[in-house]
Amino acid sequence: MNLIELIPIFIIIITCITSLMAFNNNALFQRYAFNVGAITRDKQYYRFITSAFLHADMMHLFFNMFTLYFFSRVIAAVYGVWLFLGLYLASVLAGNAFSFWLYQRRPSYTAIGASGGVSGVLFATVALAPLQTIYLYFIPVTSWIFATLYFAYSVAMMLKPRQGDNTGHSAHLGGAMCGMIFVAIFTPIAYLLQNKLYIGIMLLPLLYLAYEILINKKGR
């Protein structure tokens, strides 16, 4: 087994172990979850990273690790395993940093999960190959169409939260943007220009979100 497979599997194993431990240990969960109050009040900045190694339940854990396993190999093969690792950790940080910026006046805001990191890896792959086919619940979907719909849905849920929706959409969006920025930095510009139309369409919901947050002050 080479590093391209070994490093992602190592992340998955560690995440599964820590998540399973926290399922039956509420003190562990509370100590390492992302919590705005604890970060602001107690300067517990480690929570920006440690929260990625906790999950709400087995289904949450399975889908995150399942997605990470398949898409990590693409990024590791194209950019190298160490850049993959950097992308994953940077996306975790970006997702939680975006959440912190949005909800810094809500000390009770708490989130867990590797979704920011997974989104970064997933959307880096989409930006790299927007015309590839991915399977959403076994349904084939062109990746740029999936990304556009996903962004639009996440933006809508952030701006008009639905009661009972416990999904960390801000972490997803922050991680996804980190993934796309990663591709913009480490991919030859000539290649990106070939896909500029699809990347531009994917970014439209994010531009709308920026307008609503920065200009209309919504979602905060």
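Summing up its helical and strand segments, the chain has 11 helices and four strands in all. Against the 2.2 N^0.38 benchmark of 17 Å for 220 residues, the chain shows a C-alpha radius of gyration of 17 Å, consistent with a compact globule. Overall, the C-alpha framework of the chain stretches about 50 × 50 × 30 Å when taken along its three principal axes. Looking at the chain alone, contacts between residues at least 24 apart form 75% of all its contacts between residues at least 6 apart. For the chain, the exposed surface amounts to about 11600 Å²; the carbon and sulfur share of it is 68%.

All right, on to helix α11 (residues 196-214) then. Here α11 is 19 residues long and its end C-alpha atoms lie 25 Å apart, about the 27 Å a rise of 1.5 Å per residue gives. Of all the bends in α11, the largest measures some 35° and sits at Leu204, one to four residues before the proline Pro205. Along α11, the positions that sit buried rather than exposed are Ile199, Met202, Pro205, Leu206, Leu209, Glu212 and Ile213. Elements in contact with the buried residues of α11: α6 (81-103), α7 (115-128), α8 (143-159), α9 (169-186) and α10 (189-194).

Time to look at the nonpolar core. Ranked by internal contacts, the top residues of the largest apolar core, which has 54 residues, are Leu68, Phe84 and Phe123. Where this core is concerned, the elements lending two or more residues are α1 (3-23), α3 (36-42), α5 (58-79), α6, α7, α8, α9 and α11. Dropping the residues within four chain positions of it, Phe123 is found in contact with Phe146, Ala147, Tyr150, Phe151, Ala176 and Met180.

Bringing the pattern of salt bridges into the picture now. For the structure on display, the rule yields one salt bridge. Between Asp42 and Arg41 there is a salt bridge; the shortest N-O distance is 3.3 Å.

Right, let's get into the packing of α6 against α11. Look at α6 against α11: their axes get within 13 Å of each other, and the N-to-C directions meet at 30°. What the angle tells us is that α6 and α11 run roughly parallel. The handedness of the crossing between α6 and α11 is left-handed. Contact with α6, carried on its side by Phe98, Trp101 and Leu102, involves Leu209, Ile213 and Leu214 of α11 and no other residues of that element.

The subject of this paragraph is the layout of surface pockets. For the second largest pocket, the calculated volume is near 200 Å³. In this structure, the second largest pocket is lined by Phe98, Trp101, Leu173, Gly174, Met177, Leu206, Leu209, Ala210, Ile213 and Leu214. Those elements giving two or more residues to the lining of the second largest pocket turn out to be α6, α9 and α11. Examining the composition of the lining of the second largest pocket, we find that five residues originate from one element, α11, more than from any other. In the lining of the second largest pocket, the residues fall into nine nonpolar, one polar and no charged.

Moving on, we come to α9. Look at α9: 26 Å from first C-alpha to last across 18 residues, which is about the 26 Å you get at 1.5 Å a residue. Taking burial as the measure, the 18 residues of α9 include 13 buried ones, the bulk of the element.

Bringing the confidence of the model for the chain into the picture now. For the chain, mean pLDDT is 90; residues scoring 70 or higher make up 95% of the total. For the chain, the element scoring lowest by mean pLDDT is strand β3 (residues 133-136), at 82; helix α4 (residues 47-50) scores highest, at 96.

Criteria and cut-off values
Residues numbered from 1 in each chain as written. Predicted model: local features only at pLDDT ≥ 70, side-chain atom pairs only at ≥ 80, totals over all residues. Heavy atoms only, no water. Helix = DSSP H or I, 4+ residues; strand = E, 2+ residues; numbered from the N terminus. Rg over C-alpha atoms; globule rule 2.2 N^0.38 Å. Contact = heavy atoms within 4.5 Å. Areas by Shrake-Rupley, 256 points an atom, 1.4 Å probe, with all protein chains shown as cover. Expected span 1.5 Å × (residues − 1). Bend = angle between axes of the 7 residues up to and from the residue. Buried < 20%, exposed > 50% of the residue type's maximum accessible area, 1.4 Å probe, protein only. Core = buried A, V, L, I, M, F, W, Y, C linked by side-chain atoms within 4.5 Å. Salt bridge = Lys/Arg side-chain N within 4 Å of Asp/Glu carboxyl O. Axes fitted to C-alpha atoms, helices over the stretch in contact; angles between N-to-C directions. Parallel < 35°, antiparallel > 145°, perpendicular 65-115°, else oblique. Left-handed = near helix turned anticlockwise from the far one by under 90°. 1 Å grid on protein atoms, 1.4 Å probe; cavity = no way out; pocket = protein on both sides within 12 Å on 5 of 7 lines; lining within 4 Å. Points joined across faces, edges and corners; volume = space filled by probe spheres on them. Nonpolar A, V, L, I, M, F, W, Y, C, P; charged D, E, K, R; others polar. pLDDT = per-residue confidence, 0-100.

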